[in-house]
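Close look at the chain arrangement
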Amino acid sequence: MGLPLMMERSSNNNNNNNNVVELSRVAVSDTHGEDSPYFAGWKAYDENPYDESHNPSGVIQMGLAENQVSFDLLETYLEKKNPEGSMWGSKGAPGFRENALFQDYHGLKTFRQAMASFMEQIRGGKARFDPDRIVLTAGATAANELLTFILADPNDALLVPTPYYPGFDRDLRWRTGVKIVPIHCDSSNHFQITPEALESAYQTARDANIRVRGVLITNPSNPLGATVQKKVLEDLLDFCVRKNIHLVSDEIYSGSVFHASEFTSVAEIVESIDDVSVKERVHIVYSLSKDLGLPGFRVGTIYSYNDNVVRTARRMSSFTLVSSQTQHMLASMLSDEEFTEKYIRINRERLRRRYEIIVEGLKKAGIECLKGNAGLFCWMNLGFLLEKKTKDGELQLWDVILKELKLNISPGSSCHCSEVGWFRVCFANMSENTLEIALKRIHKFMDRRRRF
Amino acid sequence: MRLIVPLRGVIQGRGGLFVGSLIPCCLFYFLQLYLKRRRPPPSDPTELPRTFSRTNLFSRGNSIGRVRVSSRAVPVAKPSDSPYYIGLERVKTDPYDRITNTDGIIQLGLAESTLCFDLLQRWMSENLMESMMQSDDGEFDISSIAMYKPFEGLLELRVAFADFMSRIMGGNVSFDPSNMVITAGGTPAIEVLAFCLADHGNAFLIPTPYYPGFDRDIKFRTGVELIPVHCRSSDNFTVTVSALEQALNQARKRGSKVSGILFSNPSNPVGNILSRETLCDILRFAQEKNIHVISDEIFAGSVYGDKEFVSMAEIAGSGEFDKTRVHIIYGLSKDLSIPGFRAGVIYSFHEDVVNAAKKLMRFSSVPVLVQRILISLLSDVRFIEGYMAAHRQRIRDKHIRFVEGLKQLGIPCAESGGGLYCWVDMSSLLTSYSEKGELELFEKLLTVAKINATPGTACYCIEPGWFRCCFTALADEDIPVIMERIRQLAESFRS
């Protein structure tokens, strides 16, 4: 993990005392993962960012899953509605007093109702959400960490299917001391989770004397950009019941599914169950960062069917409260069903269109992607380009793409993918023009390769 | 078995006795064998036979084990037994309102100020929209507040905070924005520092009486212990080096590893301003023992007495000590009365702590739109100077009234020069000079006098009878009401 004593690095030590003060293991560990290629590419981008007019040969950031395709819809809404009204809530300026003082970890009731309603709309009304089961956190990152603190003790494990979002290594493990044991998935069945893979992961943990406390999935999946099939969800819940463990479903991309009918939330499965001892092991994480494109607002939520978890999460949310200002501002917008219905529909269409553009473009260059139906990225297969079919080979290719094509994409190894050669490519954090330029660079690269 | 054989023998005679007994025995034996095969293996009690269909599984009622939470989560959901939280909850059931509920419980248990809301409200109504939607061409551009920004806070905000903090701490100390990390409130600030400076099972020394919230903030998730260092009224509850020394030695004897000292200045709940000498003593002690110092200065701008406030940052920057062990917490919840906005600061002289804290901010950062409002607010120097002057003056006035009211009842207060509360000596009202007596008084105050004041026990005060009374959310006309209720309660004790 790291040495507890920092002997050399203190640069502000200007006294004559030889005692250097110690920091904690958490402070010196590298579990934050910011030294991995996933983040190294970001640094390259920061140093030479692409700009349509000022820096057309710069690095195009395709490693950040941000949704910028529907900003105009938000802007129009916020401009049209009385801005004062949406800032303060319906009470106007006198509402400021409540706003300024309000720091109740229950969260504003109107805001929780708005979140519940929004989550229901995304699922086409196929599941209901009780506002009193919603616990607010400053982003989904905090929600995942908080759930991990509550469901697992240090040295326990969560099973997570690969490939998974690189941030989980940090969010689920850093301060919590909890381990991740991977559930290996591969392209033979489009990376879907199988009962055999589940059993195998569980057994691996048991063999190492590690207690498994739950399974954490992302649905739709990051980095696959695909929804989890209903049957797989049922198998998962079965498995969790049999092993008596929790099931966490991070549904942060649920509003970014291209066709609403293709998404099944674990909430729908729970709806049809009466048995509390089954339901109470299920927890859902959501946020407004991806679907609404508002990561800067820091709004996340834990939705739990377990009363004890709701109570505990609420109290622990003091460390990560959502600003009252944000709650007020968004409550009226999210409860405006006419607006949200339109937003969700148009956002889906635009994302689907982006996906089609990139997949078509890649196909023309001779590159295949996993068949995806959701999210802000596609899962691209460059295995055939690898000189060495190893993780090093993959990283070499990634480096070439970063340095020669000036494209920052995420290598599958940073997502713990057991097959080499896969890359995650984000397409929603740029204009269509920029996307076309990125595709052109890829075409040129592939043309050059073919000639040699 | 033994029962069947004789019966058969009796009925059928000797030959039939043998055959007659053999058959039931065999049947019995085979039945047992059959049942044994059908029973599931005992090794894993949670494993259910896979022959059950899915619908059966989900409808089997209590036969599935109840899933458990982690052991660190277990104490969190339990109802709190601290009078601090009990009092706060009770007020919610029957809150005083000077028009609609004059018999309600008056809240003196929450350290918040509403004394200068009028000034803040005016500023907000004039400046809020502009400050939120800032963009180069004046057009509303949501991307400026919607997108990811560095979690440790925009540079402009850190610069504005550095300037603000320097201003309110007397202008004798300057703060470097690159040593600063912006957090979603003072609560995550203290927790993040605890995570960075101490391992699970380590401890911080903390002078008593202390803010009850620290128990949760530090113990909930970090696993760090708090070791009380008892202070006495004879020193006006100011910590001494000998007390620190004693507490540290005792901790070491027990095998506890002490990583640092945590204290608040102005202190909460007493309201003391620590002198320059005391601050130096603490830092010297920490240096000798090679531990950290965390100074929670969240009430620094709420100083109303004559004593000058000195920040630990000033002592650290003097060059006399190793400053890498000094860390400061600040926030806007108390001085600027905007706890709902969630804005706090970790200020550390240790580069690695700043770097670690920056990375940990992904779990508790301030939304960009709130940061923009705060940049505007904190940079409006004219407003800030006027506001802080009014804030201090109004607290002072209210303090004088409140303490005078208590004095009339023969109830003294500890000397204080900062904070939003006073530390009241109600020992003359105790039926017995003990923790039990104090908790009885707390209960009577709550149920009979209908006043929520935080008893010293909740703050680990070693002397019984002290109560923290927050007065900065009171209107002048509330004070006589409070005093009358206390007077009546005191009378009822005498009769």
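Each value, and the rule that gives it
Residues numbered from 1 in each chain as written. Chains lettered and ligands numbered in written order. Predicted model: local features only at pLDDT ≥ 70, side-chain atom pairs only at ≥ 80, totals over all residues. Heavy atoms only, no water. UniProt positions renumbered as here; feature names shortened; annotations may be inferred. Helix = DSSP H or I, 4+ residues; strand = E, 2+ residues; numbered from the N terminus. Buried < 20%, exposed > 50% of the residue type's maximum accessible area, 1.4 Å probe, protein only. Areas by Shrake-Rupley, 256 points an atom, 1.4 Å probe, with all protein chains shown as cover. Rg over C-alpha atoms; globule rule 2.2 N^0.38 Å. Lys, Arg positive; Asp, Glu negative; His and termini not counted. Charge placed at Lys NZ, Arg CZ, Asp CG, Glu CD. Pairing = 2+ DSSP bridges. Contact = heavy atoms within 4.5 Å. Axes fitted to C-alpha atoms, helices over the stretch in contact; angles between N-to-C directions. Salt bridge = Lys/Arg side-chain N within 4 Å of Asp/Glu carboxyl O. Phe/Tyr/Trp six-rings, centres within 6.5 Å; stacked < 30°, edge-to-face > 60°. Lys NZ or Arg CZ within 6 Å of the ring centre and 35° of its normal. Polar contact = N/O pair within 3.5 Å; in protein donor to acceptor, adjacent residues only side chain to side chain. Nonpolar A, V, L, I, M, F, W, Y, C, P; charged D, E, K, R; others polar. Domains from an automatic or database assignment. Buried area = accessible area lost by both parts, 1.4 Å probe. Parallel < 35°, antiparallel > 145°, perpendicular 65-115°, else oblique. Left-handed = near helix turned anticlockwise from the far one by under 90°. Expected span 1.5 Å × (residues − 1). pLDDT = per-residue confidence, 0-100.

- In the annotation of an unreviewed UniProt entry, the entry for chain B reads Pyridoxal phosphate-dependent transferase, and the organism field reads Arabidopsis thaliana x Arabidopsis arenosa.
- What UniProt records for chain B under Sequence similarities (unreviewed entry) is the sentence "Belongs to the class-I pyridoxal-phosphate-dependent aminotransferase family."

- For chain A, an unreviewed UniProt entry supplies the name 1-aminocyclopropane-1-carboxylate synthase and the organism Arabidopsis thaliana x Arabidopsis arenosa.
- Quoted verbatim from the Catalytic activity (unreviewed entry) field of UniProt, the annotation for chain A is "S-adenosyl-L-methionine = 1-aminocyclopropane-1-carboxylate + S-methyl-5'-thioadenosine + H(+)".

Considerations on the overall build of chain B
- Of regular secondary structure, chain B possesses 18 helices and twelve strands.
- A buried classification covers 58% of the 495 residues belonging to chain B.
- Of the accessible surface of chain B, which amounts to about 21,000 Å², a share of 53% is contributed by carbon and sulfur atoms.

As for the overall build of chain A
- Looking only at helices and strands, chain A has 17 helices and 13 strands in total.
- Radius of gyration (C-alpha) of chain A: 23 Å, near the 22 Å computed for a compact globule of 452 residues.
- By its C-alpha atoms, chain A is 70 × 60 × 55 Å across when sized along the principal axes.
- Per-residue burial for chain A yields a buried fraction of 64% across its 452 residues.
- Surface exposure of chain A reaches about 16,900 Å², of which carbon and sulfur atoms provide 48%.
- The centroid of the 54 positive side-chain charges in chain A is displaced by 1 Å from the centroid of its 58 negative side-chain charges.

A look at the sheet that holds strand 9 (residues 421-425) of chain B
All names here are of chain B.
- Reading across the sheet, the three strands line up as 9-12-11 and stay open at both edges, with antiparallel pairing between neighbours. Each of the sheet's edge strands pairs with one partner strand only, and the pair in question is strand 9 and strand 11 (454-455).
- Sitting on the sheet, helix 17 (residues 435-447) is in contact with strand 11 and strand 12 (466-470), with an inclination near 30° to strand 12.

Describing the pattern of salt bridges
- For the structure on display, the rule yields 46 salt bridges over all chains.
- Residues K126(A) and E268(A) are paired through a salt bridge, measuring 3.9 Å at the closest nitrogen-oxygen approach. Note that K126(A) is positioned in the loop between helix 6 (109-122) and strand 2 (134-137) and E268(A) in helix 11 (residues 266-271), a separation of 142 residues in sequence.
- Overall, K126(A) belongs to the partly exposed group, its relative accessible area being 39%.
- Among the salt bridges present, the one from E89(B) reaches K92(B), with a minimum N-O distance of 3.2 Å.

Considering the packing of aromatic side chains
- Within this structure, the stated rule accounts for 30 aromatic pairs over all chains.
- Ring geometry for F191(A) against W379(A): centres 6.3 Å apart, planes inclined by 80°, an arrangement best described as edge-to-face. Placement of the pair is F191(A) in the loop between strand 4 (179-183) and helix 9 (195-207) and W379(A) in strand 10 (residues 377-381), with a sequence separation of 188 residues. The exposure classification of F191(A) matches that of W379(A), with both residues buried.
- A centroid spacing of 4.7 Å and a plane angle of 15° characterise the contact between Y210(B) and Y460(B), whose relative ring orientation is stacked. Placement of the pair is Y210(B) in the loop between strand 3 (203-207) and helix 10 (213-222) and Y460(B) in the loop between strand 11 and strand 12, with a sequence separation of 250 residues.
- Through a chain of ring-to-ring contacts, three or more aromatic side chains come together here, namely Y84(B), Y85(B), Y211(B) and F214(B).
- Sitting over the ring of F377(A), R424(A) keeps its end group 5.0 Å from the ring centre.
- Positioned above the aromatic ring of Y421(B) is the side chain of R468(B), whose terminal nitrogen or guanidinium carbon lies 5.3 Å from the ring centre.

Topic: the interface of chain B and chain A
- The interface is formed by 91 residues belonging to chain B together with 104 residues belonging to chain A.
- For the pair chain B and chain A, the number of links is four salt bridges.
- In this assembly, chain B and chain A are joined by 27 residue pairs in polar contact (both at pLDDT 80 or more).
- Each residue belonging to the side of chain B that touches chain A can be placed in one class, and the counts come to 47 nonpolar, 19 polar and 25 charged.

Structural notes on the domain arrangement of chain B
All names here are of chain B.
- Under the domain assignment, chain B is made up of domain 1 (80-116 + 385-493) and domain 2 (135-381).
- Across the boundary between the two partners, domain 1 contributes 32 residues, which contact 38 residues of domain 2.
- Approximately 3,100 Å² of surface area, both sides summed, lies buried where domain 1 meets domain 2, with 54% of it carried by carbon and sulfur atoms.
- Where domain 1 touches domain 2, the interface holds two salt bridges.
- For the pair domain 1 and domain 2, the number of links is 20 residue pairs in polar contact (both at pLDDT 80 or more).
- Going through the elements one at a time, helix 5 (83-93), helix 16 (381-408), strand 9 and strand 12 are the ones with two or more residues in the side of domain 1 that touches domain 2.
- Element by element, the count of residues in the side of domain 1 that touches domain 2 is highest for helix 16, at eight residues.
- Per-class residue counts for the side of domain 1 that touches domain 2 are 16 nonpolar, nine polar and seven charged.

Remarks on the packing of helix 6 (residues 117-132) of chain B against helix 16 of chain B
Residues and elements named next belong to chain B.
- The contact between helix 6 and helix 16 brings their axes to 10 Å, and the two run at 160°. By the angle between their directions, the pair helix 6 and helix 16 is classed as roughly antiparallel. When you trace helix 6 past helix 16, the crossing you get is left-handed. Across from D118, L119, L120 and W123 in helix 6, the residues of helix 16 making contact are F383, Y387, A390 and R394.
- A per-class count over the contact of helix 6 with helix 16 returns six nonpolar, no polar and two charged.

Section: unusual backbone geometry
- Along the chain, N219(A) connects to P220(A) via a cis peptide bond; the corresponding omega equals 0°.
- With respect to the element layout, P220(A) can be found in the loop between strand 5 (212-218) and helix 10 (230-243).
- P266(B) follows N265(B) through a cis peptide bond whose omega is -5°.
- Within the fold, P266(B) resides in the loop between strand 5 (258-264) and helix 12 (276-289).

A word on the pairing of strand 7 (residues 282-287) of chain A
Residue and element names in this part refer to chain A.
- Buried residues dominate strand 7, accounting for six of its six residues.
- Because side chains alternate across strand 7, one face comprises the buried residues V282, I284 and Y286, and the other comprises H283, V285 and S287, equally buried.
- In this sheet, strand 7 lies alongside strand 6 (residues 246-250) in parallel orientation, the contact comprising four bridges. Looking at the pairing, L247 lines up with V282 of strand 7.
- The pairing of strand 7 with strand 8 (residues 300-304) spans five bridges and is antiparallel. Opposite V285, over in strand 8, you have I302 as the bridge partner.

Things to note about helix 8 (residues 155-168) of chain B
Residue and element names in this part refer to chain B.
- Here helix 8 spans 20 Å end to end across 14 residues, near enough to the 20 Å set by a 1.5 Å rise per residue.
- For helix 8, the elements touching its buried residues are strand 2 (180-183), strand 7 (326-331), strand 8 (344-348), helix 15 (368-379) and helix 16.
- Backbone geometry just downstream of helix 8 places G170 in the positive-phi region, at approximately 95°.

Regarding the sheet that holds strand 6 of chain A
Residues and elements named next belong to chain A.
- What the seven strands build is an open sheet, ordered 2-8-7-6-5-3-4; its pairing is mixed. A strand with exactly one partner marks an edge of an open sheet, and here the two such strands are strand 2 and strand 4. Strand-to-strand twist of the sheet, defined as the mean angle between neighbouring strand axes without regard to direction, takes the value 25°.
- Sheet analysis places strand 5 next to strand 6, joined by five bridges and oriented parallel. Opposite I217, over in strand 6, you have S249 as the bridge partner.
- Seen against the sheet, helix 9 touches strand 3 (157-161), strand 4 and strand 5 and runs at an angle of roughly 145° to strand 4.

A short note on the confidence of the model for chain A
Residues and elements named next belong to chain A.
- Per-chain confidence: chain A averages 90 in pLDDT, with 92% of residues scoring 70 or above.
- pLDDT under 50 marks residues 1-17. Its contacts with residues more than four places away, or in other chains, come to 34 contacts.
- Across residues 88-92 the pLDDT falls below 50, and counting only partners more than four positions away or on other chains, this stretch makes ten contacts in the model.

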